[in-house]
Amino acid sequence: MCGIVGYVGEANAKDIIIDGLKKLEYRGYDSSGIALNVGGRLVVRKCKGRIANLENMIAEEELSATVGIGHTRWATHGAPSDVNAHPHTNGDGSIAVIHNGIIENFVELKEWLARDYGVQFRSETDTEVIAHLIGIYYNGDLLDAVYKAIDKMRGAYALGVICAQEPDKIVAVRKESPLVVGLGNNCNFIASDIPALLKHVRSLYLIENNEVVLLTKDQVKLFDANRKEIHRDVFHVTWDADAAEKEGYDHFMIKEIHEQPKGLYETLHRRIDEDGSVRLDGINMSKDEIEKFSKVYIVACGTAYHAGLVGKYIIEKLAKIPVEVDVASEFRYRDPFVDDKTLFIAISQSGETLDTLAALREAKRKGARVLSVVNVVGSSVARESDDVFYTWAGPEIAVASTKAYTTQLMCMYLIALYMGKERGTLGSDAYNQYLNDLKEIPDLIQKILDQEEAIYEIAKKLYKSQQVFFIGRGLDSSVAYEGSLKLKEISYTNSFAIAAGELKHGTIALIEQDTLVIALATQDFLFEKMLSNIQEVKARGAYVLGLAKENNTTIERQSDRVIYIPECRDELTPMLSVVPLQILAYYIAKLRGCDIDKPKNLAKSVTVE
Ligand code: F6R
């Protein structure tokens, strides 16, 4: 989704903003632009395509400025093009605006501005309306004009605004879409997220909904919706700036795949006290409250939803409570049965996914207790939840989620264990055994990572497949969905996942000679049933890549190739079995020449509906 950056200080704004935009590239974008105040005149440069195009465009220009704003656009209103790229300006070019979000009433505002003020629009965007609105309200005070403009606007937005006549200022606004302010020495910044600023600052303000910020080089003032100045505690970033760099890997995705043992270790061990007991920091539910729940909803999108599918299985098994899993965009529009006996679990890497956030608010409105499993500290989902359980995966930059997924799974196991213990459905021996088994997981994942070369060889054999089916039973079917999503999103292979037992009810019609089927068979108690399903597709000519635990070698009789994962209890295999599928997807995409970290049409943080 769109990314915004702004700088006000004493240094060269152009370079700082371009650098910040590059850090936001991972969010997904199709065009970029910059507006600088050069000697009291706003200079706007923008173009379709990669930031490199923008850099080339301005490479020869002096553009000496100490104040500016920059933007990466992910098209919503109007196709990706030079003219639709941000920043947008008002009629005389004295106000420039960058925007992440959607203005829902922009058609109405556009008609009004054209009719009553004779405004002529240059682009098809909703954002241009904002620049004109601020322009008509401007009377020597940018902050006042921005307040008047947002009063007219409906929708979601993070805005950065500069004005030719007030060359020392940026005004920024947050409503729904994320916004952080970086606090430097003789300089201040705005950005959509923290990695864009880490090179310069570690002290930040996390801006809340409906807040307006006025930045000059030596001051940052925060105001609420009623223009009242407010105080905010400074947020100090503790994680390492290097965590957001590639560190010698070709892509963030493969780096993040390799970071999984460390991420999972952190997620688990941060919660284990010296005496070995587990402390679920951020979860403040009493035993009584946990016993009172009559159902659990897990709501999320994409990969996080797939983590929820595993969560359902494990919470039902260990805590003996019914769990429903829903994609957030469906949950929020279907009037679900939620009351004060409902535990609502939102899972989100970014903590900014608009559908997840909206579902969370809906559940809260209906009286549910809201627990979120989130990676980004201080994100909107985290802040709006009653309880927050952080995944501690570290920053995830690649659009395709990997380490966030496995750490989300670890969190679901810990939550299930905790609920099982508190509800008395899981005895202490079983609890301790699960915990010991969880502690083994980082090392077991490392063993799979050590097979990277062999998986690459398999990818070389398979990368030309036009169509792939992922099949599995029980927990394996949840992982099949995730494996399939990984493959399709980064390699653009037409891939499809289905519960293996469901194949014969229709989908098997698509299996023909040499169709690639990736068959997950890691569940001991379902192993023989899976072998039958593999035989069914083999009988129709499929080429089968099997995935099984290392002792279940009989799968070799039915499969063309096999990848093994180390022995581990059935319930915990998802954290292992997804790893070879991530590596396979990565190498298939690489062999197909795809832009792995920034797949087409996708965004890292989906802040629109
Ligand atoms: C796929 C992927 C997406 C996200 C989804 C939710 O690799 O990353 O499917 O999982 O957009 O995002 P978050 O977890 O940030 O809410």
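What counts and what doesn't
- Residues numbered from 1 in each chain as written.
- Predicted model: local features only at pLDDT ≥ 70, side-chain atom pairs only at ≥ 80, totals over all residues.
- Heavy atoms only, no water.
- Core = buried A, V, L, I, M, F, W, Y, C linked by side-chain atoms within 4.5 Å.
- Buried < 20%, exposed > 50% of the residue type's maximum accessible area, 1.4 Å probe, protein only.
- Domains from an automatic or database assignment.
- Contact = heavy atoms within 4.5 Å.
- Near = heavy atom within 4 Å.
- Polar contact = N/O pair within 3.5 Å; in protein donor to acceptor, adjacent residues only side chain to side chain.
- Areas by Shrake-Rupley, 256 points an atom, 1.4 Å probe, with all protein chains shown as cover.
- Helix = DSSP H or I, 4+ residues; strand = E, 2+ residues; numbered from the N terminus.
- Nonpolar A, V, L, I, M, F, W, Y, C, P; charged D, E, K, R; others polar.
- Pairing = 2+ DSSP bridges.
- Axes fitted to C-alpha atoms, helices over the stretch in contact; angles between N-to-C directions.
- Arc of directions from axis to C-beta.
- Buried area = accessible area lost by both parts, 1.4 Å probe.
- Phe/Tyr/Trp six-rings, centres within 6.5 Å; stacked < 30°, edge-to-face > 60°.
- Parallel < 35°, antiparallel > 145°, perpendicular 65-115°, else oblique.
- Left-handed = near helix turned anticlockwise from the far one by under 90°.

Caption draft 1: The arrangement of the nonpolar core in detail. Ranked by size, the top nonpolar core spans 94 residues in total, and within it Ile 315, Ile 345, Leu 438 and Ile 441 carry the most contacts. Domain assignment of the residues forming this core places at least three in each of domain 2 (248–449) and domain 3 (452–591). Those residues within four positions of Ile 315 in sequence are excluded, and the remaining contacts are Ile 298, Lys 320, Ile 321, Val 323, Ile 345, Met 412, Ala 416 and Met 419. Counting residues in hydrophobic clusters, the runner-up holds 32 residues, among them Ile 95, Val 119, Ile 134 and Val 161.

Caption draft 2: Structural view of the site of the ligand. As a structural note, the neighbourhood of the ligand is formed by 14 residues, with Ser 348, Gln 349, Ser 350, Thr 353 and Glu 489 the closest of them. In the environment of the ligand, an oxygen atom lies 2.6 Å from a nitrogen or oxygen atom belonging to the backbone of Gln 349. The contact in question runs from an oxygen atom of the ligand to an N or O atom on the side chain of Lys 486, over 2.9 Å. Across the complex, the protein chains shield 89% of the 410 Å² of accessible surface that the ligand would expose by itself. Only helix 9 (302–319) and helix 16 (475–491) provide two or more residues apiece to the shell around the ligand. Tallied by class, the residues present in the shell around the ligand amount to five nonpolar, seven polar and two charged.

Caption draft 3: Spatial organisation of the sheet that holds strand 15 (residues 235–236). Pairing in this open sheet of eight strands is antiparallel, and the strands run 3-2-4-1-10-9-11-15 from one edge to the other. Each edge of the sheet is formed by a strand with only one pairing partner; in this case those strands are strand 3 (41–48) and strand 15. As paired elements, strand 2 (residues 31–38) and strand 4 (residues 67–73) share six bridges and run antiparallel to each other. Of the residues in strand 4, the one forming a bridge with Leu 36 is Gly 68. Where helix 2 (residues 51–58) meets the sheet, its contacts fall on strand 2, strand 3 and strand 4, and the angle it forms with strand 3 comes to roughly 135°.

Caption draft 4: A look at helix 15 (residues 452–462). Within helix 15, the full set of buried residues consists of Glu 452, Ile 455, Ile 458, Ala 459 and Leu 462. Seen along its axis, helix 15 keeps its buried residues to an arc of 115°; they face one direction. The exposed set on the far side of helix 15, more than 90 degrees from its buried face, consists of Glu 453 and Lys 461. Each element contacted by the buried residues of helix 15 is listed here: helix 6 (252–258), helix 14 (428–449), strand 23 (516–521), strand 24 (543–549), strand 25 (561–565) and helix 19 (574–591).

Caption draft 5: Spatial organisation of the pairing of strand 1 (residues 3–8). Of all six residues making up strand 1, six are buried, and the element is well covered by its neighbours. Where burial is concerned, the two faces of strand 1 agree: the one with Gly 3, Val 5 and Tyr 7 and the one with Ile 4, Gly 6 and Val 8 are both buried. The pairing of strand 1 with strand 4 spans six bridges and is classified as antiparallel. What sits directly across from Val 5, in strand 4, is Gly 70. Across four bridges, the pairing between strand 1 and strand 10 (residues 188–191) is antiparallel. Counted as the bridge partner of Val 5 is Ala 191 from strand 10.

Caption draft 6: Inspection of the pairing of strand 12 (residues 211–216) at higher detail. Along strand 12, six of the six residues are buried, which leaves the element largely enclosed by surrounding structure. Residue alternation in strand 12 divides its side chains into two sets, Glu 211, Val 213 and Leu 215 and Val 212, Leu 214 and Thr 216, and both sets are buried. Where strand 12 and strand 13 (residues 219–223) come together, five bridges link them in antiparallel fashion. Across the sheet, Val 213 pairs through a bridge with Leu 222, a residue of strand 13.

Caption draft 7: How the structure looks around the domain arrangement of the protein chain. Domain annotation of the protein chain identifies domain 1 (3–238), domain 2 (248–449) and domain 3 (452–591). For domain 2 versus domain 3, the distance between C-alpha centres works out to 25 Å. Taken residue by residue, the interface counts 34 residues in domain 2 and 28 residues in domain 3. Of the roughly 2,800 Å² buried at the junction of domain 2 and domain 3 (both faces included), carbon and sulfur atoms supply 71%.

Caption draft 8: Local environment of the environment of Gly 282. As for its placement among the helices and strands, Gly 282 is situated in the loop between helix 7 (260–269) and helix 8 (287–292). A residue is classified by how much of its surface remains accessible, and Gly 282, at 33% relative accessible area, is partly exposed. Linking Gly 282 and Lys 447, residues 165 residues apart in sequence, is a C-alpha distance of 32 Å. When neighbours within four sequence positions are excluded, Gly 282 is seen to be in contact with Asp 387 and Val 388.

Caption draft 9: Focus on the packing of aromatic side chains. Inspection of the entire model under this criterion finds eight aromatic pairs. Aromatic side chains Tyr 7 and Phe 189 sit 5.3 Å apart centroid to centroid with 55° between the ring planes, which places their arrangement in the tilted category. Residue Tyr 7 is found in strand 1, and its partner Phe 189 is found in strand 10; the two are separated by 182 residues along the sequence. Seen from their ring centres, Phe 331 and Phe 344 are 5.3 Å apart, and the 55° between their planes marks the pair as tilted. Within this pair, whereas Phe 331 is found in helix 10 (residues 328–331), its partner Phe 344 is found in strand 18 (residues 342–348), the two being separated by 13 residues in sequence. Side by side, Phe 331 and Phe 344 carry an identical accessibility label, which is buried.

Caption draft 10: Main features of the sheet that holds strand 13. Spatial ordering of the open sheet is given by 5-6-7-8-12-13-14, a layout of seven strands whose pairing is antiparallel. The open sheet has two edge strands, strand 5 (88–89) and strand 14 (229–230), and neither has a second partner. In the sheet, strand 8 (residues 170–175) pairs with strand 12 via five bridges, with the strands oriented antiparallel. Bridge pairing in strand 12 places Ala 172 opposite Val 213. In this fold helix 5 (residues 142–152) packs onto strand 6 (95–103), strand 7 (155–163), strand 8, strand 12 and strand 13, with an angle of close to 155° to the strand it touches most, strand 7.

Caption draft 11: Expanded view of the packing of helix 3 (residues 106–117) against helix 4 (residues 127–137). Interhelical geometry of helix 3 versus helix 4 gives an angle of 45° and a closest axis separation of 10 Å. As summarised for this structure, helix 3 and helix 4 are arranged oblique, according to the angle between their axes. Considering the relative orientation of helix 3 and helix 4, their crossing is left-handed. Residue-level contacts link Phe 106, Leu 109, Lys 110, Trp 112, Leu 113 and Tyr 117 of helix 3 to Val 129, His 132, Leu 133, Ile 136 and Tyr 137 of helix 4.

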